[in-house]
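Read off the chains here:
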Amino acid sequence: MPGFDVLGVDLDALHNTIGTLRTCADALRQQSHRITEHPFGAGSAGRDYSAQGAAVQAGLERIASCLHNWSIATAATADVFAHAATEYERLDREHADRLTAVHP
């Protein structure tokens, strides 16, 4: 491709992505907790329409569960990326050390 003459990993970009993923995972977790900590049916919501209120609450619980699972998956992705970044850095150091040993 024109303009691409280097094969490598942009570690700064990878670390930025890891930070963004961790921030997103935390935001998703917080939203999941906000939903579960404030049930829809509390107070007068659904009092006159209990079936509809229960349906709304069940939907909110499913949303909270999805957000929770999404936060776990996002955090796991960040962990995998962080491990990959560590390995790239380790391999780069090892290769640089070997090259330095061959040609000081």
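Quick caveat: nothing in here was measured; it's all calculated off a predicted structure.

**Describing the overall build of the protein chain**
Each helix and strand counted, the protein chain has two helices and zero strands in total. Residues classed as buried in the protein chain amount to 16% of the 104 residues present. Surface accessibility of the protein chain: about 8,000 Å² in total, with carbon and sulfur atoms responsible for 61%.

**What to know about helix α1 (residues 11–37)**
Compared with the 39 Å implied by 1.5 Å per residue over 27 residues, the 39 Å span of α1 between its first and last C-alpha is a close match. Every buried residue of α1 is accounted for by L11, L14, I18, L21, A25, L28 and S32. Lining the buried residues of α1 we find α2 (50–102). Two to three positions downstream of the cap, the backbone nitrogen of D12 sits 3.2 Å from a side-chain oxygen, assigning the N-cap of α1 to D10.

**Focus: the packing of α1 against α2**
Contact geometry for α1 and α2: axes closest at 8 Å, N-to-C directions at 160 degrees. Of the possible angle classes, the one that applies to α1 and α2 is roughly antiparallel. Helix-helix and strand crossings are classified by hand; for α1 and α2 the assignment is left-handed. Of the residues that constitute the contact of α1 with α2, the class distribution is 19 nonpolar, nine polar and five charged.

**Description of α2**
The terminal C-alpha atoms of α2 lie 78 Å apart, and with 53 residues this matches the ideal 78 Å at 1.5 Å per residue to within 8%. Those residues of α2 not exposed but buried are G53, Q57, G59, A64, L67, S71, T74, A78, A82 and A85.

**What to know about the nonpolar core**
Judged by nonpolar contacts, L11, L14, I18, L21, A78, A82 and A85 together constitute the single largest core of seven residues. Every element with two or more residues in this core is listed here: α1 and α2. With residues up to four places along the chain from it excluded, the contact list for L21 reads T74, T77, A78 and F81.

**A closer look at the side chain of S71**
Inspection of the secondary structure assignment puts S71 in helix α2. Beyond its immediate stretch of four places on either side in the chain, S71 contacts A25, L28 and R29.

**Some details on the environment of T36**
Structurally, T36 can be placed in helix α1. For the pair T36 and A64, spaced 28 residues apart in the sequence, the C-alpha separation amounts to 6.6 Å. At 3.1 Å, the side chain of T36 forms a polar contact with the backbone oxygen of H33.

Cut-off values and rules
- Residues numbered from 1 in each chain as written.
- Predicted model: local features only at pLDDT ≥ 70, side-chain atom pairs only at ≥ 80, totals over all residues.
- Heavy atoms only, no water.
- Helix = DSSP H or I, 4+ residues; strand = E, 2+ residues; numbered from the N terminus.
- Buried < 20%, exposed > 50% of the residue type's maximum accessible area, 1.4 Å probe, protein only.
- Areas by Shrake-Rupley, 256 points an atom, 1.4 Å probe, with all protein chains shown as cover.
- Expected span 1.5 Å × (residues − 1).
- Contact = heavy atoms within 4.5 Å.
- Polar contact = N/O pair within 3.5 Å; in protein donor to acceptor, adjacent residues only side chain to side chain.
- Axes fitted to C-alpha atoms, helices over the stretch in contact; angles between N-to-C directions.
- Parallel < 35°, antiparallel > 145°, perpendicular 65-115°, else oblique.
- Left-handed = near helix turned anticlockwise from the far one by under 90°.
- Nonpolar A, V, L, I, M, F, W, Y, C, P; charged D, E, K, R; others polar.
- Core = buried A, V, L, I, M, F, W, Y, C linked by side-chain atoms within 4.5 Å.

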